[in-house]
Amino acid sequence: MKGSEISVFQINLHHSKAGSAELAKRIKVNKEFIALIQEPWHAMGGVRGLGYRGLYCPETTNGQAPRACILASNGVQVWPLPALSSRDTMLADIMLGSHKVTLVSMYMPWDMAIPEASIRQLVDYASSKGQSLLIGSDANAHHCYWGSTNTNIRGENLLQVLMSTGLKIANKGEMPTFVTNERREVLDLTLVTPDLLNLVTNWRIDTELSFSDHRYVLYELALTVSRPEPYRNTKKTDWAKYNDLVGKLDALDDNSIELDDLDARADEVAETEERF
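Residues numbered from 1 in each chain as written. Predicted model: local features only at pLDDT ≥ 70, side-chain atom pairs only at ≥ 80, totals over all residues. Heavy atoms only, no water.

A.B. asks: Outline the overall build of the chain, supporting the account with residue identities and numerical values.
C.D. replies: Tallying secondary structure elements over the chain gives 5 helices and 16 strands in all. By residue count, 48% of the 276 residues in the chain fall in the buried class. In the chain, once contacts between residues fewer than 6 apart in sequence are set aside, the share between residues at least 24 apart is 62%. Of the roughly 15,300 Å² that the chain leaves accessible, carbon and sulfur atoms contribute 49%. (Helix = DSSP H or I, 4+ residues; strand = E, 2+ residues; numbered from the N terminus. Buried < 20%, exposed > 50% of the residue type's maximum accessible area, 1.4 Å probe, protein only. Contact = heavy atoms within 4.5 Å. Areas by Shrake-Rupley, 256 points an atom, 1.4 Å probe, with all protein chains shown as cover.)

A.B. asks: Can you explain the packing of helix α2 (residues 116–129) against helix α3 (residues 153–165)? Please cite residues and give values.
C.D. replies: In a pair of packed helices, the angle between the axes and the distance between the axes together describe the arrangement. Look at α2 against α3: their axes get within 11 Å of each other, and the N-to-C directions meet at 20°. Viewed along their axes, α2 and α3 adopt a mutual orientation that is roughly parallel. The hand of the α2/α3 crossing is right-handed. Residues Glu 116, Ile 119, Arg 120 and Val 123 of α2 form the contact with α3, whose participating residues are Leu 158, Val 161, Ser 164 and Thr 165. Residue composition of the contact of α2 with α3, by class: 4 nonpolar, 2 polar and 2 charged. (Axes fitted to C-alpha atoms, helices over the stretch in contact; angles between N-to-C directions. Parallel < 35°, antiparallel > 145°, perpendicular 65-115°, else oblique. Left-handed = near helix turned anticlockwise from the far one by under 90°. Nonpolar A, V, L, I, M, F, W, Y, C, P; charged D, E, K, R; others polar.)

A.B. asks: Give a description of the sheet that holds strand β1 (residues 5–12) that names residues and reports values.
C.D. replies: What the 6 strands build is an open sheet, ordered β5-β6-β2-β1-β16-β15; its pairing is mixed. Strands with a single pairing partner mark the edges of an open sheet, and in this sheet they are β5 (55–56) and β15 (200–206). Two elements, β5 and strand β6 (residues 68–72), share 2 bridges in a ladder whose sense is antiparallel. In the strand pairing of β6, Tyr 56 is matched with Ile 70. Each of β1, β2 (33–38), β6, β15 and β16 (216–222) touches helix α1 (residues 17–27); the most contacted strand, β16, lies at about 30° to it. (Pairing = 2+ DSSP bridges.)

As structure tokens, this is what we get:
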């Protein structure tokens, strides 16, 4: 990849032919992209409407349609992991600059328990390889923690799994990701290992028509991490104590300080400021 970041599309297409056409139109204007897709349009024995080059789907049995897949542009180095994938989970390793990342598209069916074992296996795999992990998922779970209108048992169970595995939620705000005439809810989550949290930038919900009951989750994966600028919250400063300490330093007779002591005095001032 030549750019400094890669665009990511995260979407549940709800088996929509029109939704697949919309995604195909969107990716045409992105030179480097990854799409984490749940419930793609499936017809005539395969996922349709997205082309075949750069499309990775899990192998299924008994004619079952895959409910998760990954689509990537030609410029992205992708190593699909079909042996570790399943009908509802597609895995692939990618290179993010010099950083190797395991990407997962995951569908969590509403009528089945939270796939705790699968999530733990994903975390264990990435950890064993020394890699970061990103999961784009339709979780079908409610929790106020990630902006849902309420909390249900599925949401409580999922949050417990995330806390025990150390996965972080990269979602920003409380804009619904699932919208129908009857319901507006946050169901789609971007889950990452802590080391990847700062690499997920500009996370947002696209309100443009998706031809699905889910909205697009969009973000970029940065190739480098910018060091955050130091921040001091002056509202929490104990100004009386600060002024007292600085006053004691100012009260020193500058003429009595030897040149060899100047560095030590400077360190005292810097240490005083750093503490506040």
